Amino acid sequence: MRVAFSAARAAVCMGGREAVCTIGNFDGVHRGHEALIRRTTTRAHELGLPSLLITFEPHPAQVLSTRVVQGLSSRVQRLERFAALGVDVALLLPFTRDFASRRAEEFCRHVLADTLRVRQLVLGYDFCMGSDQAGAETLVGCGREFGFDVSCVSAVMYEGVPVSSSRIRKAVEALNKKMANSEAVFGIHEDTNRVTIKIVDKNTKEIIKELPPEKTLDMIAKVWEMAGILIDERR
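Residues numbered from 1 in each chain as written. Predicted model: local features only at pLDDT ≥ 70, side-chain atom pairs only at ≥ 80, totals over all residues. Heavy atoms only, no water.

Q: Would you explain the overall build of the protein chain in this entry?
A: Assigned secondary structure in the protein chain consists of 9 helices and 11 strands. Looking at the protein chain as a whole, 49% of its 235 residues are labelled buried. The long-range fraction of contacts in the protein chain, counting pairs at least 24 apart against all pairs at least 6 apart in sequence, stands at 72%. (Helix = DSSP H or I, 4+ residues; strand = E, 2+ residues; numbered from the N terminus. Buried < 20%, exposed > 50% of the residue type's maximum accessible area, 1.4 Å probe, protein only. Contact = heavy atoms within 4.5 Å.)

See the structure below:
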């Protein structure tokens, strides 16, 4: 997988070819994200085109809100998951207030159509973008105008509610409140390359051993199942 930090560079990485693209924050790269990315890479393979994933740094909430947003994964961890899921090019765009002030139509025209030559855009069910917070209906219209198709992937459900980064983040926060001397930390298992949750000592940061899911707090089991987590039992 190749990594670019500008749309122009991503276009070079793809050899000027058209692309199948998805866009999102992908914090934690949970099961819902995996479904979206797999749809993108599968469609790209069917069309014989490169798959392109666009994400943003820092997390938009860190720019647009005064509250602190605890990320579920680092840049390296996200890139490792993108590569493992078969993404050809990952474009990490700087998210600034100036960027946030632009309407979705401008981004679709100048970035997706003119620079990246996107043929198909694959979006999550609740995706919206731009200062106008344009959703799927608006983006479908932009696609018609600028020459690319738009499709949406349905939510991945857990206990009747869509899996989301914010939901997992709240679950991890609730879990941490229940534990006096340890905390839950997201990571990537070096052997399986799957997203993991490690229970670590708050003081030494050492990973706590012997943490089978069936013997842990109910919250761990919920986070584990919702995010497709493997419990890391290494020290």
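The structure having been displayed, the exposition proceeds.
Q: I tried to follow the pairing of strand β2 (residues 19–23) on my own but got confused; where do I start?
A: Residues in a regular strand project their side chains so that they alternate between the two faces of the sheet. Judged by how many residues are buried, β2 sits mostly within the fold: 5 of 5 residues are covered. A two-sided burial pattern is seen for β2, the buried positions comprising Ala-19, Cys-21 and Ile-23 on one face and Val-20 and Thr-22 on the other. Two strands pair when backbone bridges link them, and β2 and strand β5 (residues 118–124) are joined in this way by 4 bridges, in the parallel orientation. Looking at the pairing, Cys-21 lines up with Leu-121 of β5. The pairing of β2 with strand β3 (residues 51–57) spans 4 bridges and is classified as parallel. (Pairing = 2+ DSSP bridges.)

Q: Even after reading the chapter, I still don't get the pairing of strand β6 (residues 149–153), so can you show me in this structure?
A: By the bridge criterion, 5 bridges tie β5 to β6 in an arrangement that is parallel. Bridging across to β6, Val-122 finds its partner in Ser-151. Read as a crossover between parallel neighbours, the route from β5 over helix α7 (residues 136–146) to β6 is right-handed. (Right-handed = clockwise from strand over helix to strand, strands pointing away.)

Q: What's the story with helix α4 (residues 75–84) in this structure? I'm lost.
A: For an α-helix, the turn length of 3.6 residues means that residues three or four places apart are oriented alike. Those residues of α4 not exposed but buried are Gln-77, Arg-78, Leu-79, Arg-81 and Phe-82. Directly beyond the C-terminal end of α4, a positive phi value near 95° is found at Gly-86.

Q: For this particular structure, what's the right way to read the nonpolar core?
A: Note on soluble globular proteins: their nonpolar side chains tend to be buried together. Within the largest apolar cluster, 36 residues are counted, with the highest numbers of intra-cluster contacts made by Leu-52, Ile-54, Leu-112 and Leu-116. Listing elements by their share of this core, those giving two or more residues are α1 (7–13), β2, β3, β4 (89–94), α5 (97–100), α6 (104–115), β5 and α7. If you tally residues by element for this core, the top one is α6, at 6 residues. (Core = buried A, V, L, I, M, F, W, Y, C linked by side-chain atoms within 4.5 Å.)

Q: Please clarify how unusual backbone geometry should be interpreted in this entry.
A: Note that the residue after Glu-57, namely Pro-58, is joined by a cis bond; omega there is -5°. With respect to the element layout, Pro-58 can be found in the loop between β3 and α3 (60–64). In this structure, Phe-26 is a non-glycine residue whose phi angle is positive, near 55°. Residue position: Phe-26 is located in the loop between β2 and α2 (31–47). Residue class for Phe-26 comes out buried when judged on its relative accessible area of 1%. Even without a glycine there, the phi angle at Gln-133 is positive, about 50°. In this fold, Gln-133 is placed in the loop between β5 and α7.

Q: Even after reading the chapter, I still don't get the environment of Val-3, so can you show me in this structure?
A: By secondary structure assignment, the location of Val-3 is in strand β1 (residues 2–4). For Val-3, a relative accessible area of 32% puts it in the partly exposed group. Residues Val-3 and Leu-52, 49 residues apart in the sequence, show an inter-C-alpha distance of 9.9 Å. With residues near it in sequence (within four places) discarded, Val-3 still touches Leu-79, Ala-90 and Leu-92.

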